[in-house]
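Residue strings, one per chain:
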Amino acid sequence: MSVNPPSSPPKQDNLLFAIPKKGRLYESVVKLLNGAGLDYNRPNRLDIAHCSSLPVTLVFLPASDIAKYVGEGNVDLGITGQDIIAESKTTVNELMNLEFGRCKLAVQAPIDSAITHPSQLAGKRIVTSFPDITANYFKQFETDKLTQIKYVGGSVEAACGLGLADGIVDLVETGTTMKAAGLEIISTIMTTQAVLISNPKTRHSKLVKKIHQRFVGFVLAQQYKMITYNICTEKLQQAIKITPGRKAPTINPLFNEAFFAVSAMVHRGDVGDIMDDLHELGATDIIVFDLENCRA
Ligand SMILES: Nc1ncnc2c1ncn2[C@@H]1O[C@H](COP(=O)(O)OP(=O)(O)OP(=O)(O)O)[C@@H](O)[C@H]1O
Ligand SMILES: O=P(O)(O)OC[C@H]1O[C@H](OP(=O)(O)OP(=O)(O)O)[C@H](O)[C@@H]1O
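Here the structure is a predicted model, which means the values were calculated and not measured.

Draft legend 1. Representation of the overall build of the protein in the model. The secondary structure content of the protein amounts to eight helices and 15 strands. The C-alpha radius of gyration computed for the protein amounts to 25 Å, which surpasses the reference 19 Å derived for 296 residues by more than 25%, pointing to a less compact arrangement than a globule. The burial tally for the protein puts 45% of its 296 residues in the buried class. Considering only contacts within the protein whose residues lie at least 6 apart along the sequence, 71% involve residues at least 24 apart. Once the 30 positive and 30 negative side-chain charges of the protein are each reduced to a mean point, those two points are 7 Å apart.

Written as structure tokens, this is what we have:
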């Protein structure tokens, strides 16, 4: 692990926040930090950046090391996958699911092998970046011989084809990597997504809470859109059934008309159907807005 020397040392009283320095989680994390108002300037190639808006220093680390730094080091907050937390066997507080980095950790074997159940791989050679989770998982199937677990840091899917493994344990999202390597899922060990974690011994509980609340608002805003429309008095009750909102819709009478303007939060995935239903009911001026951020 290499952390470049900081341009200026971490400010002593700043909260330290570990961020994946690259890889699958990086872009979503940057979006989340921007959305939560954690503005920073990261000079090219440097692994440390001070936030301008809050007393927070971001440290950019490999995703696979972040749970360790938060559980056993001085780092107060971090973002990483649940798979990494499970593998690192360290105690951190899992504050919230971040709704990205969703995938599963699965036992895989060559399609043309006769393996259909994980017990057939017990005692055999398994290659993985998750040796601890894998060893624990195969224990339940072992009789006499221990499973031979070998660690590799990446491109795990190549191990069967290159004669290093009889099976692998690796992450699967779309399945593209797995299929390209001629592998199939034999069993799923766990599902995982990115989470916000905190150090149980942090000295910055108040700031941890503040950042947590900002993330809750941003993640919620990503799941909803705001819809507004006009509807006549007679159809208002039916319209409310279509857009009940998170708590209730906001309803304002239109000036000089027997119409109401309604606005409500709706789930992103339901927007198309809701617009169709409202249009069919006779609603007019239906407009949908993205929510940039919110506090529920
Ligand atoms: N295909 C995927 N889809 C969704 N989330 C994933 C996927 N692959 C990995 N992740 C999540 O992202 C975390 C980091 O994985 P990634 O492959 O980016 O790590 P890395 O190997 O440290 O990075 P890099 O490959 O850039 O060195 C994983 O532990 C997992 O939680
Ligand atoms: O099911 P898919 O959508 O194909 O995604 C799964 C792949 O993504 C991850 O690897 P990544 O591409 O991040 O690189 P790595 O193997 O170097 O970790 C994971 O280790 C799989 O190989």
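Moving on from the model shown.
Draft legend 2. Focus on a negative patch on the surface. The grouping of D270, D273, D276, D277 and E280 at the surface amounts to a negative patch. Structurally, the position occupied by D276 is in helix α8 (residues 271–281).

Draft legend 3. Region of interest: the site of ligand 2. Near ligand 2, the surroundings consist of R24, S155, E157, D170, L171, V172, E173, T174, G175, T176 and T177. In this structure, an oxygen atom belonging to ligand 2 sits 2.7 Å away from a main-chain N or O atom of E173. Calculation on ligand 2 without its partners gives an accessible area of 500 Å², and the protein chains cover 70% of this total. Counting residues per element, the ones that place at least two in the shell around ligand 2 are β9 (167–172) and α5 (176–180). Per-element accounting of the shell around ligand 2 gives the leading share, three residues, to β9. Here the residues of the shell around ligand 2 sort into two nonpolar, five polar and four charged.

Reading the values: rules and limits
- Residues numbered from 1 in each chain as written.
- Chains lettered and ligands numbered in written order.
- Predicted model: local features only at pLDDT ≥ 70, side-chain atom pairs only at ≥ 80, totals over all residues.
- Heavy atoms only, no water.
- Helix = DSSP H or I, 4+ residues; strand = E, 2+ residues; numbered from the N terminus.
- Rg over C-alpha atoms; globule rule 2.2 N^0.38 Å.
- Buried < 20%, exposed > 50% of the residue type's maximum accessible area, 1.4 Å probe, protein only.
- Contact = heavy atoms within 4.5 Å.
- Lys, Arg positive; Asp, Glu negative; His and termini not counted.
- Charge placed at Lys NZ, Arg CZ, Asp CG, Glu CD.
- Patch = residues over 30% accessible without salt bridge, like charges linked within 9 Å, V, L, I, M, F, W, Y side chains within 5 Å.
- Areas by Shrake-Rupley, 256 points an atom, 1.4 Å probe, with all protein chains shown as cover.
- Salt bridge = Lys/Arg side-chain N within 4 Å of Asp/Glu carboxyl O.
- Near = heavy atom within 4 Å.
- Polar contact = N/O pair within 3.5 Å; in protein donor to acceptor, adjacent residues only side chain to side chain.
- Nonpolar A, V, L, I, M, F, W, Y, C, P; charged D, E, K, R; others polar.

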